[in-house]
Amino acid sequence: MSTASSLLVTLWRLRLLHLSLVSAGGTAFPGLPARKRKPRHELDLVLEELEEKSGPSRRPKLPRTASLLQVAGEVAQQLGEEDWDADEPGALDHLRTGLRRRIARTERLLGDRAPLEGLDPDARASVTAVAQLLDLSDSERLVLAFILMLGTESKLDAAANCLGHDLDDRMADHAVATATGLSAAEVAKVFSAQSRLMSCQLLKRDRSELRLLGKWDWTSRGFAAAMREANFDPLKALRDRVVPAPAPQMAWANFAHLGDLANSLRTYLSEALRTGRKGVNVLLHGPPGCGKTQLVRLLGREVAAEVYEVSTEDADGDAIGNASRLQALRVAQEFTARRRALLCFDEIEDVFPRPFPFGFGGQRGGSFKGWMNRMLEQNATLTFYLTNAVEALDAAYVRRFDFTLELKVPPQAAREAQLKDLPIAVAPQTLARLADHPQLTPAVIQRAAGVVATVAAATPGLDASRQLEALVNQTLRAQGHSTLKAHAAAPEVYDPRFIHSDIDPAALVEGLRAAGSGRLCLYGPPGTGKTAFALHLARSLGRGLLVRRASDLLSPFVGVAEKQIAAAFREAEESGAVLLIDEVDSFLQDRSRAQRGWEVTQVNEFLTQLENFPGIFVASSNLIDGFDPAALRRFDLKAKFDYLRPDQAVALLQAHLANAGLPPAGAEVDGRVCRLTALAPGDFAAVARQHRFRPLRSPEDWAAALDAECRHKPGARHRPAIGFGGAAA
């Protein structure tokens with residue numbers, strides 16, 4: 001520490017020590033209304049009682065109060081007067097006189113230097129840097145310097161301790177005024193809520209603390225220590241609260257599904273930064289892991305701005321309280337006001353006051369709400385607020401955001417594109433199942449793939465695809481979602497000629513290609529090719545297929561099924577995919593037979609969404625007789641898919657035999673297959689899967705396996721043999 005700095009701290013110490021003697025002597029704090037201080041010894045109570053009885057003029061000669069003697073002893077020790085004896089005549093007066101002389105001598109040595117010139121170079125540079133960033137007044141700079149040295153100079157803190165451990169706010173303010181030489185009015189102005197020093201939240205008054213040092217909390221635990229070091233950087237000093245964002249791990253193409261809104265947001269940010277606009281706030285909301293943080297980092301790179309993120313945990317890994325996070329955000333907004341920067345504040349649902357049910361107000365009072373509103377309206381740095389639960393925010397806050405953008409789980413086409421960047425090689429079937437899951441977010445897949453990549457590097461021969469699916473399924477279960485399901489893929493052998501329907505499949509595909517929209521209901525027995533045709537339709541039109549099963553949409557909680565139905569239609573519309581809802585009969589039953597109110601509301605929601613859907617919709621069902629009449633009216637086409645005709649069954653068998661490398665079937669096998677009345681393309685697919693682990697070595701084996709599949713169906717029978725080979729017309 002330089003000589004000047006040593007003298008300045010010495011002056012502040014001496015002034016605090018003198019104040020402690022004056023206040024302990026019964027004068028309270030000069031200039032303040034009398035306040036009965038807490039006695040430090042029982043002798044104080046005895047003396048007060050005697051004084052009341054005898055009166056000041058007849059006061060007997062009694063020893064000094066224990067509190068005064070104790071403080072005097074502490075002051076003498078601070079001054080290095082180890083031989084000071086309270087019992088010597090005039091000892092206390094001598095101590096006071098000596099203190100006043102030391103103060104006067106130190107003031108002369110400091111001379112006419114400006115207050116901050118009395119700091120060591122590092123501290124002075126740090127205070128100046130903060131003062132310039134926050135545009136502090138001279139009084140605020142001086143108080144900032146005093147609080148800084150109070151927390152980093154042990155001798156100054158020790159002198160402050162002589163004031164006692166029962167200081168209220170007015171006594172603390174008086175101590176600051178006495179030490180710094182400022183007037184009471186100047187100090188009151190510095191500590192007012194409207195001052196730059198306090199409004200920026202770098203310091204926050206702790207009204208519960210009774211020691212002078214603890215009266216003000218720094219935003220960051222190590223900020224004061226950092227200010228005493230060379231090359232002080234205010235933002236770096238906030239590292240346990242505000243950190244630079246790492247580089248984005250996603251590309252702009254990964255957010256193409258956001259469409260024009262993402263491009264508009266990028267343009268708006270660029271213009272706001274160029275013009276220096278204040279009060280710019282962006283709200284990003286959506287489920288966890290859908291890319292909100294990645295989008296902020298990517299936007300920062302797109303507009304050539306630094307990105308800083310407010311932490312949720314400190315350097316020790318401990319959680320940071322909500323108030324501390326808000327305090328850090330406020331300081332970061334001030335520190336980055338003159339930089340080309342963006343701030344990211346995540347998990348705001350834990351910080352913003354929540355609306356109370358039935359409109360009776362929020363968790364916190366109006367003053368806090370007003371403070372939050374002012375922060376949103378006056379922030380100097382463009383700030384992103386992220387939440388997983390936008391419904392938890394008060395509408396009064398939401399309306400103050402310039403730009404609100406919802407990030408959902410990306411549509412299927414976008415998910416498929418993102419899966420190309422995995423750090424491991426994954427089987428196509430696994431990729432298809434990952435892309436097909438409606439609640440599976442990119443973050444879950446990326447984390448699981450990272451784990452598998454690490455394990456695979458140390459485990460030769462590991463089935464990465466299987467391991468990835470297992471890890472993802474564990475996360476999905478923990479989140480309360482269904483696990484990965486078999487992807488809706490076309491059979492190994494597929495041709496629309498093998499569809500037995502009352503419509504021409506090829507003509508239907510071309511008609512929908514020309515129209516661009518249509519609402520189809522495909523019904524018929526299981527396995528007749530309804531789902532496979534929907535996939536064929538989507539591929540023929542060059543669109544993705546968004547598959548939702550009844551189990552994906554229905555929920556035991558009232559109102560959730562309606563939201564999930566609406567979300568499925570919305571995702572299909574935004575992505576341009578063909579929407580297939582399988583097992584639609586589960587929630588399209590006739591409302592006249594409904595026994596519960598939610599059964600009616602589910603049908604109502606479905607019909608509303610179907611009526612307004614501009615794309616191609618396919619519903620598949622095994623049963624159509626119990627459908628709600630209004631639902632049937634809303635389908636443009638209702639097509640029945642039935643069991644195969646004999647000629648289709650024979651042709652499909654020959655195709656599978658060729659695919660399996662077996663010779664063509666003879667007339668006897670053809671005839672046997674023709675007699676199966678309940679044979680569907682799904683049966684051939686089941687036998688083909690069986691062939692993988694239980695090889696079928698001849699056409700006869702295939703015919704027997706198909707016969708076994710049909711025998712498990714209710715009401716299955718055999719056609720009578722007609723003519724050679726039994727080929728029925």
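Quick summary incoming for the structure in this document. What you are looking at is a predicted structure, and each value in this text was computed from that prediction instead of being measured.

Applying the stated criterion to the full structure yields 13 aromatic pairs. Residues Phe 569 and Phe 617 carry aromatic rings whose centres are separated by 5.4 Å and whose planes lie at 25° to one another, so their mutual orientation is stacked. Remark: Phe 617 occurs in strand S13 (residues 616–621) and Phe 569 occurs in helix H24 (residues 560–575); sequence separation between them is 48 residues. Summarising the burial analysis for this pair, Phe 569 and Phe 617 share the class buried. The structure contains a cluster of three or more aromatic residues connected by ring pairs, namely Phe 569, Phe 606, Phe 613, Phe 617 and Phe 635. Note that Arg 205 overlies the ring of Phe 191, its terminal NZ or CZ placed 5.0 Å from the centroid. Positioned over the ring face of Phe 498 is Arg 497, at 5.0 Å from the centre of the ring.

Our focus in this paragraph is the sheet that holds strand S6 (residues 341–345). Read across the sheet, six strands follow the order S3-S5-S6-S7-S4-S8 without closing on themselves; strand pairing throughout is mixed. Each of the sheet's edge strands pairs with one partner strand only, and the pair in question is strand S3 (242–244) and strand S8 (403–406). For this sheet the average axis-to-axis angle between neighbouring strands, irrespective of direction, equals 25°. As paired strands, strand S4 (residues 281–285) and strand S7 (residues 382–387) are joined by five bridges and run parallel to one another. From the neighbouring strand, Leu 284 faces S7, where its bridge partner is Leu 386. The sheet strands contacting helix H12 (residues 260–275) are S4, S6, S7 and S8, and the helix crosses S8 at an angle near 150°. The sheet strands contacting helix H14 (residues 322–335) are S3, strand S5 (306–310), S6 and S7, and the helix crosses S6 at an angle near 175°.

Okay, the sheet that holds strand S11 (residues 545–549) next. If you walk across this open sheet you meet the six strands as S9-S14-S10-S13-S12-S11, and the pairing is mixed. Edge positions in the sheet fall to strand S9 (500–501) and S11, since each of these pairs with one other strand and no more. Along the sheet, helix H22 (residues 530–540) contacts strand S10 (518–523), S11, strand S12 (578–582), S13 and strand S14 (637–642); its crossing angle with S13, the most-contacted strand, is approximately 165°. Along the sheet face, H24 touches S11, S12 and S13 and points at about 175° away from the line of S11.

To continue, consider helix H6 (residues 138–152). Between its first and last C-alpha, H6 extends 21 Å over 15 residues, near the 21 Å set by a 1.5 Å rise per residue. Within H6, 11 of the 15 residues are buried, which leaves the element mostly enclosed by the surrounding structure. Of all the residues in H6, the buried ones are Ser 139, Glu 140, Leu 142, Val 143, Leu 144, Ala 145, Phe 146, Ile 147, Leu 148, Met 149 and Leu 150.

When two helices pack together, their arrangement is given by the angle between the helix axes and the distance between those axes. Between helix H28 (residues 667–674) and helix H30 (residues 699–711), the least distance of the axes is 10 Å, while the angle of their chain directions is 10°. By the angle class used here, H28 and H30 are roughly parallel. Contacts between H28 and H30 pair Val 669, Arg 672 and Val 673 from the former with Pro 699, Glu 700, Ala 703, Ala 704, Leu 706 and Asp 707 from the latter. Across the contact of H28 with H30, the residue classes break down as six nonpolar, no polar and three charged.

Take the side chain of Ser 139 next. Mapped onto the elements of the fold, Ser 139 is located in helix H6. Among the residues examined, Ser 139 registers a relative accessible area of 17% and is labelled buried. Excluding residues within four positions of it along the chain, Ser 139 makes contact with Leu 182, Glu 186 and Val 190.

Moving on, we come to the packing of H6 against helix H7 (residues 154–161). Closest axis-to-axis distance for the H6/H7 pair is 5 Å, and the angle between their directions is 95°. Classified by the angle their axes make, H6 and H7 are roughly perpendicular. Contact residues: Phe 146, Met 149, Leu 150 and Thr 152 in H6; Ser 154, Leu 156, Asp 157 and Ala 160 in H7. Partitioning the contact of H6 with H7 into residue classes produces five nonpolar, two polar and one charged.

Attention now goes to the environment of Cys 200. With respect to the helices, strands and loops of the structure, Cys 200 is situated in the loop between helix H10 (196–199) and strand S1 (203–205). On a C-alpha basis, the gap between Cys 200 and Ala 328 in space is 9.3 Å, while along the polypeptide they are 128 residues apart. Beyond its immediate chain neighbours, meaning those up to four positions away, Cys 200 contacts Leu 134, Arg 330, Val 331 and Glu 334.

Tracing the backbone through its elements, the reader meets Gln 201 in the loop between H10 and S1. Classification of Gln 201 as buried rests on a relative accessible area of 13%. Look past the residues within four positions of Gln 201 in its chain and what remains in contact with it is Thr 219, Gln 327, Arg 330, Val 331 and Trp 371.

Pairing between side chains becomes possible if they bear opposite charge and their charged atoms approach one another. In this structure the tally under the stated criterion is 29 salt bridges. Salt-bridge contacts for Glu 107 lead to Arg 15; the nearest nitrogen and oxygen are separated by 2.8 Å. Separated by 92 residues along the polypeptide, Glu 107 in helix H4 (residues 91–110) and Arg 15 in helix H1 (residues 3–27) bring together distant segments of the chain. Residues Arg 339 and Glu 306 are paired through a salt bridge, measuring 3.1 Å at the closest nitrogen-oxygen approach. Of this pair, Arg 339 sits in the loop between H14 and S6 while Glu 306 sits in strand S5, and the two are 33 residues apart along the sequence. Residue Arg 339 is classed as partly exposed on the basis of its relative accessible area of 36%. Among the charged side chains, a network of salt bridges with common partners joins Asp 169, Asp 173, Arg 205, Arg 207 and Lys 215.

Thresholds, definitions, all that
- Residues numbered from 1 in each chain as written.
- Predicted model: local features only at pLDDT ≥ 70, side-chain atom pairs only at ≥ 80, totals over all residues.
- Heavy atoms only, no water.
- Phe/Tyr/Trp six-rings, centres within 6.5 Å; stacked < 30°, edge-to-face > 60°.
- Helix = DSSP H or I, 4+ residues; strand = E, 2+ residues; numbered from the N terminus.
- Buried < 20%, exposed > 50% of the residue type's maximum accessible area, 1.4 Å probe, protein only.
- Lys NZ or Arg CZ within 6 Å of the ring centre and 35° of its normal.
- Pairing = 2+ DSSP bridges.
- Axes fitted to C-alpha atoms, helices over the stretch in contact; angles between N-to-C directions.
- Contact = heavy atoms within 4.5 Å.
- Expected span 1.5 Å × (residues − 1).
- Parallel < 35°, antiparallel > 145°, perpendicular 65-115°, else oblique.
- Nonpolar A, V, L, I, M, F, W, Y, C, P; charged D, E, K, R; others polar.
- Salt bridge = Lys/Arg side-chain N within 4 Å of Asp/Glu carboxyl O.

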